[in-house]
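# Analysis of the macromolecular model
Given next are the chains, with one letter for each unit.
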Amino acid sequence: MFVFGVNLGAYKSEYSIISSASSTTNCVANIVRVVHDKLGIENVSMSTIRAAGITDIQSVTNNITPNYSEAAEAVGRIVPSLNCRLICQCVRR
């Protein structure tokens, strides 16, 4: 998995399948890497919230549940020095 500006240098031309990560991972990985490089990070706890569209309003207002997100694991794979130091929870409808 690759994020431009974070670990793109690890890409090798012989890879036949690559992933550019999710939108959450692309956003978080850049911020976390800069903060970690400049200040150092011991642990990170992050939350994501799924936006509701106009057709989602009824279900969102009646059924908001906390869930586990794999974004932390993905960022840990992209920035190996932060592996197992991130926790992410998300709110979904």
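A brief look at the structure comes next. (Residues numbered from 1 in each chain as written. Predicted model: local features only at pLDDT ≥ 70, side-chain atom pairs only at ≥ 80, totals over all residues. Heavy atoms only, no water.)

A word on the packing of helix α1 (residues 23–38) against helix α3 (residues 71–78). In a pair of packed helices, the angle between the axes and the distance between the axes together describe the arrangement. For the pair α1 and α3, the least separation of the axes is 9 Å and the interaxial angle reads 50°. Classified by the angle between their axes, α1 and α3 sit oblique to one another. Taken as a pair, α1 and α3 cross one another with a handedness that is right-handed. Across from T24, T25, V28, A29 and V32 in α1, the residues of α3 making contact are A71, A74, V75 and I78. (Axes fitted to C-alpha atoms, helices over the stretch in contact; angles between N-to-C directions. Helix = DSSP H or I, 4+ residues; strand = E, 2+ residues; numbered from the N terminus. Parallel < 35°, antiparallel > 145°, perpendicular 65-115°, else oblique. Left-handed = near helix turned anticlockwise from the far one by under 90°. Contact = heavy atoms within 4.5 Å.)

What follows is about α3. Within α3, 6 of the 8 residues are buried, leaving the element largely enclosed by the surrounding structure. Within the sequence span of α3, burial applies to A71, A72, A74, V75, G76 and I78. (Buried < 20%, exposed > 50% of the residue type's maximum accessible area, 1.4 Å probe, protein only.)

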